[in-house]
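# Reading the structure
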Amino acid sequence: MPGLTLGDSLPNLEVETTHGKIKLHDYVNNSYTIIFSHPGDFTPVCTTELGMMAAYADKFAQRGVKLLGLSCDDVNSHNEWIKDIEAFNNGHKVTYPIAADPKKNIIKQLNMVDPDDTQSPSRALHIVGPDKKIKLSFLYPASTGRNMDEVVRALDSLLKASKHKIATPANWKPGEPVVIAPSVSNDEAKEMFPQGFDTADLPSKKEYLRFTVV
């Protein structure tokens, strides 16, 4: 799907939200930020998702990550909807802003349009870095709710990779070993990772699969 994708800069749009008008770059500032879109207010899957975002808000805050929701209805509708979200989700407060996009212009600029219905938003999520660039994107159809544990897991992977020359292997979870980037030589790895690393013994005898803990 054309438009905003990994590595692209987030456009500095001014948006109306439940917390007032904000400019996206000012909101992101020097933090990682999760921007997530929803097909509409007072819809079943979206209500569960925004509720889970509220329930996970502390997890994101502990990582210094901000949240910004987006739905194609106006702010008054959002404020009424929030009452349902909080009631359904055991009272977890929606403390993050929800942007309004009744004309459906913002979703097009943020590449959050449903490919099967270009007049509707998809269930999209961008993780934006402090440099205002897209670091990760999820794109789900309207019928499939997001897994917030996977959002947290992917975020933890990004945060680790931003600090060390590593990548996270399949099914990685925080606390488990990571792999050292192929661009790092063994001599460099010994300096970068004084805790040591284990190299997998592979039939090719190539020492490219190196595990360490950071």
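Conventions we followed
- Residues numbered from 1 in each chain as written.
- Predicted model: local features only at pLDDT ≥ 70, side-chain atom pairs only at ≥ 80, totals over all residues.
- Heavy atoms only, no water.
- Helix = DSSP H or I, 4+ residues; strand = E, 2+ residues; numbered from the N terminus.
- Buried < 20%, exposed > 50% of the residue type's maximum accessible area, 1.4 Å probe, protein only.
- UniProt positions renumbered as here; feature names shortened; annotations may be inferred.
- Contact = heavy atoms within 4.5 Å.
- 1 Å grid on protein atoms, 1.4 Å probe; cavity = no way out; pocket = protein on both sides within 12 Å on 5 of 7 lines; lining within 4 Å.
- Points joined across faces, edges and corners; volume = space filled by probe spheres on them.
- Nonpolar A, V, L, I, M, F, W, Y, C, P; charged D, E, K, R; others polar.
- Phe/Tyr/Trp six-rings, centres within 6.5 Å; stacked < 30°, edge-to-face > 60°.
- Lys NZ or Arg CZ within 6 Å of the ring centre and 35° of its normal.
- Core = buried A, V, L, I, M, F, W, Y, C linked by side-chain atoms within 4.5 Å.
- Pairing = 2+ DSSP bridges.

Glancing now at unusual backbone geometry. Unusually for a residue other than glycine, Asn 90 sits at a positive phi of about 55°. Mapped onto the secondary structure, Asn 90 falls in the loop between α4 (75-88) and β5 (98-100). A relative accessible area of 73% means that Asn 90 is categorised as exposed.

Per the UniProt record, "active site" (unreviewed entry) is found at Cys 46. When residues no more than four places from it in sequence are discounted, the contact partners of Cys 46 are His 38, Pro 39, Gly 40, Trp 81 and Arg 123.

On to empty space enclosed by the protein. In this structure the tally under the stated criterion is 1 cavity of 30 Å³ or more. Considering only residue class, the lining of the largest cavity consists of 8 nonpolar, no polar and no charged.

In the structure shown here, the tally under the stated rule is 3 aromatic pairs. Considering the side-chain rings of Phe 36 and Tyr 96, the 5.5 Å spacing of their centres and the 70° angle between planes classify their relative orientation as edge-to-face. Of this pair, Phe 36 sits in strand β3 (residues 32-38) while Tyr 96 sits in the loop between α4 and β5, and the two are 60 residues apart along the sequence. Note on Phe 138 and Tyr 140: the rings are 6.2 Å apart at their centroids and 50° apart in plane angle, and the pair reads as tilted. Between the NZ or CZ atom of Lys 59 and the centre of the ring of Tyr 56, over which it lies, the distance is 5.5 Å. Geometry around Tyr 27 places Lys 66 over its ring, the cationic atom sitting 5.4 Å from the centre.

Here we come to the side chain of Asp 156. Of note, Asp 156 is situated in helix α6 (residues 148-163). Contacts of Asp 156, omitting those with residues within four sequence positions, involve Arg 63, Trp 172 and Pro 174.

Soluble globular proteins tend to bury their nonpolar side chains together. With 29 residues, the main nonpolar core has Ile 34, Met 53, Phe 60 and Tyr 96 as its most contacted residues. The set of elements that each furnish at least two residues to this core consists of β3, α2 (44-55), α3 (57-62), β4 (65-71), α4, β8 (123-128), β9 (134-140) and α6. Broken down by element, this core gets its largest block of residues, 7 residues, from α6. Filtering out sequence-adjacent residues up to four positions away, Tyr 96 remains in contact with Thr 18, His 19, Phe 36, Leu 50, Met 53, Ala 54, Leu 67 and Gly 69. Core analysis: the next-biggest nonpolar cluster, separate from the first, contains 21 residues, Val 15, Leu 24, Ile 107 and Leu 110 among them.

This brings us to the sheet that holds strand β12 (residues 198-199). Strands sit in the order β10-β11-β13-β12 across an open sheet of 4 strands; the sheet is antiparallel. Of all the strands in the sheet, the pair left with one neighbour each is β10 (166-167) and β12. In this sheet, strand β11 (residues 178-180) lies alongside β10 in antiparallel orientation, the contact comprising 2 bridges. By the bridge assignment for β11, Ala 167 is matched with Val 179.

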